[in-house]
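Spelled out from the first residue to the last, the chains are:
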Amino acid sequence: MTPDIQCKIQDEAGGIEVISATIDALVSRRSAPADDGQVVDIGGFAISADAGDVLERVANALSPKASIEVGCASALSTLYICRGRLTSGALGENSVHVMDPKQTTHWKNIGRRSLDRAGLLNRTVKLYEEPAHVALPRLLAEGTRMQFAFIDGWHMLDYVMVEAFYCDMMMDIGGVIALHDLWMPGLQAFAAFWCTNRHYEPVRLQAAGLTSYLPDSSKPIRQDLVSAFPPFNERIAPFVEEGILLLRKTSDDDRRWDAFHEFNYRPSIT
Ligand SMILES: C[S@@+](CC[C@H](N)C(=O)[O-])C[C@H]1O[C@@H](n2cnc3c(N)ncnc32)[C@H](O)[C@@H]1O
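Asks: Explain the overall build of the protein to me, using residue names and the numbers behind them.
Replies: The helix and strand tally for the protein stands at nine helices and ten strands. Against the 2.2 N^0.38 benchmark of 18 Å for 270 residues, the protein shows a C-alpha radius of gyration of 18 Å, consistent with a compact globule. For the protein, the spread of C-alpha atoms along the principal axes amounts to about 65 × 40 × 35 Å. The buried share of the protein, reckoned over its 270 residues, is 53%. By sequence separation, contacts in the protein at least 24 residues apart represent 78% of the contacts at least 6 residues apart. Within the structure as shown, the protein displays about 12,900 Å² of accessible surface, and the carbon and sulfur contribution to it stands at 53%. Charge-centre separation for the protein: the mean point of 26 positive side chains lies 1 Å from the mean point of 35 negative side chains.

Written out as structure tokens, the structure is:
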């Protein structure tokens, strides 16, 4: 570990201890302080501690130089990702790009305040108060490269598709797009399309890092993960952990101009 990183880990603002204290406060209270002096109940929308643990371990395993997050809300997911990156020794200045158009208007800055409390805001985390479809093309035009993206914004097929499209353009090979709430049909349709038409593979965490080997197939798939898309049910759902799907980029896009692979193919039953 370099002296700089050692210093950052121990450093009070933006260091492990203060990030952990901020996470613990949000998780134990399931609420977050807002601008108006009130507290906002975050139980219905913030990621769970178990999902946060998945994100933290992925961020740690990937050790990305830069990451992007769509949908800040309470910033609990951001804090887990930052802690995972920090313990891997890779949390550079301004290297966490987070976007949320409603941070002030709807969320009364609960996420901004938590990031500030953890000493991350405007230091390592850049928070863009605009929709991802506005912020992402600008980051691309600025030449941003990254290795990890977490998409947890407006959970509709067209929004997620646009967000993943731009994230891919900035994503290095070997990088991962993580998606949340895979019980939602729009997310399931996206994953079925993306894994059959783009060079991405589902992966999961194991002790040594990320693996694309299918997990134990004898384990039944959760009922809320059974979708209208056979490729999703057979090859993708088994990888979902705590509602999170990890998709690893294996190659740049090299499709012919007219390429299309069916992603809702149902084999005929004989
Ligand atoms: C489910 S919440 C995210 C929860 C967050 N991961 C957490 O741990 O608190 C979804 C967030 O996406 C934001 N959002 C909605 N539309 C968006 C868009 N077009 N681009 C980026 N974020 C968006 C919402 O304002 C909301 O904060």
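Asks: Any details on the environment of Pro131? Residues and values, ideally.
Replies: Within the element layout of this structure, Pro131 appears in the loop between β5 (125–128) and α6 (132–141). Separated by 22 residues in sequence, Pro131 and Gly153 have C-alpha atoms that sit 8.9 Å apart.

Asks: Account for the pairing of strand β10 (residues 244–249), with residues named and values stated.
Replies: Along any regular strand, the residues point their side chains to alternate faces of the sheet. Among the six residues of β10, six are classified as buried, and the element is accordingly described as predominantly covered. Where burial is concerned, the two faces of β10 agree: the one with Ile244, Leu246 and Arg248 and the one with Leu245, Leu247 and Lys249 are both buried. As judged from the four bridges shared by strand β8 (residues 200–206) and β10, these two strands associate in the antiparallel manner. If you follow Val203 over to β10, its bridge partner there is Leu246.

Asks: Describe the site of the ligand, naming the residues involved and giving the relevant values.
Replies: Neighbouring the ligand are 21 residues; Ser74, Ser77, Asp100, Trp107 and Asp152 lie closest to it. At 2.9 Å, a side-chain N or O of Trp107 approaches an oxygen atom of the ligand. Calculation on the ligand without its partners gives an accessible area of 610 Å², and the protein chains cover 93% of this total.

Asks: Which residues make up the nonpolar core, and what values go with them?
Replies: Taken as a class, soluble globular proteins show a tendency for nonpolar side chains to be buried jointly. The biggest cluster of nonpolar side chains holds 45 residues, and the ones touching the most others in it are Ile19, Leu55, Leu79, Leu115, Leu120, Phe148 and Leu246. If we skip the residues at most four places from it in the chain, Phe148 touches Leu55, Val58, Ala59, Leu62, Pro64, Ala66, Ser67, Ile68, Ile81, Met171, Val176 and Ala178. In this structure, Leu187, Phe190, Tyr200 and Ala237 belong to the second largest nonpolar core, which totals 39 residues.

Asks: Account for the confidence of the model for the protein, with residues named and values stated.
Replies: Reading fine detail from the predicted coordinates is not recommended where pLDDT is low. Per-chain confidence: the protein averages 92 in pLDDT, with 93% of residues scoring 70 or above. pLDDT under 50 marks residues 1–7. Its contacts with residues more than four places away, or in other chains, come to three contacts.

Asks: Describe the pattern of salt bridges, naming the residues involved and giving the relevant values.
Replies: Overall, the coordinates contain 17 salt bridges when judged by the stated rule. A salt bridge links Asp168 to Lys249, with the nearest nitrogen and oxygen atoms 3.1 Å apart. One end of the pair, Asp168, is in helix α7 (residues 157–170); the other, Lys249, is in strand β10, and 81 residues separate them in sequence. Just as Asp168 is buried, Lys249 falls in that class too. Linked through salt bridges whose partners overlap, the residues forming this network are Asp168, Arg198, Lys249, Asp252, Asp253 and Arg255.

Asks: I'd love a proper account of the sheet that holds β5, names of residues and values included.
Replies: Spatially, eight strands are ordered β5-β4-β3-β6-β7-β10-β8-β9 in an open sheet, and the strand pairing comes out mixed. Of all strands in the sheet, those with a lone pairing partner are β5 and β9 (209–211), marking the two edges. Pairwise comparison of adjacent strand axes, ignoring direction, gives a mean angle of 25° for this sheet. Looking at chain direction, strand β4 (residues 96–99) and β5 are connected through four bridges and run parallel. Opposite Val98, over in β5, you have Leu127 as the bridge partner. In the packing of helix α3 (residues 49–62) onto the sheet, the strands contacted are β6 (146–151), β7 (171–180), β8, β9 and β10, and the crossing angle to β6 comes to about 170°.

Asks: Quick rundown of the packing of aromatic side chains? Include the residues and the values.
Replies: Tallied over the full model, the rule gives seven aromatic pairs. Measuring from ring centre to ring centre gives 5.5 Å for Phe193 and Phe263, while their planes differ by 85°; the resulting arrangement is edge-to-face. One end of the pair, Phe193, is in helix α8 (residues 185–197); the other, Phe263, is in the segment after β10, and 70 residues separate them in sequence. Residue class for Phe193 comes out buried when judged on its relative accessible area of 14%. For Phe263, a relative accessible area of 18% gives the class buried. When the centroid spacing of 6.3 Å and the interplanar angle of 75° are considered together, the rings of Phe260 and Phe263 count as edge-to-face. A network of ring pairs unites the aromatic residues Phe193, Phe229, Phe260 and Phe263 as a single cluster.

Cut-offs used in this document
Residues numbered from 1 in each chain as written. Predicted model: local features only at pLDDT ≥ 70, side-chain atom pairs only at ≥ 80, totals over all residues. Heavy atoms only, no water. Helix = DSSP H or I, 4+ residues; strand = E, 2+ residues; numbered from the N terminus. Rg over C-alpha atoms; globule rule 2.2 N^0.38 Å. Buried < 20%, exposed > 50% of the residue type's maximum accessible area, 1.4 Å probe, protein only. Contact = heavy atoms within 4.5 Å. Areas by Shrake-Rupley, 256 points an atom, 1.4 Å probe, with all protein chains shown as cover. Lys, Arg positive; Asp, Glu negative; His and termini not counted. Charge placed at Lys NZ, Arg CZ, Asp CG, Glu CD. Pairing = 2+ DSSP bridges. Near = heavy atom within 4 Å. Polar contact = N/O pair within 3.5 Å; in protein donor to acceptor, adjacent residues only side chain to side chain. Core = buried A, V, L, I, M, F, W, Y, C linked by side-chain atoms within 4.5 Å. pLDDT = per-residue confidence, 0-100. Salt bridge = Lys/Arg side-chain N within 4 Å of Asp/Glu carboxyl O. Axes fitted to C-alpha atoms, helices over the stretch in contact; angles between N-to-C directions. Phe/Tyr/Trp six-rings, centres within 6.5 Å; stacked < 30°, edge-to-face > 60°.

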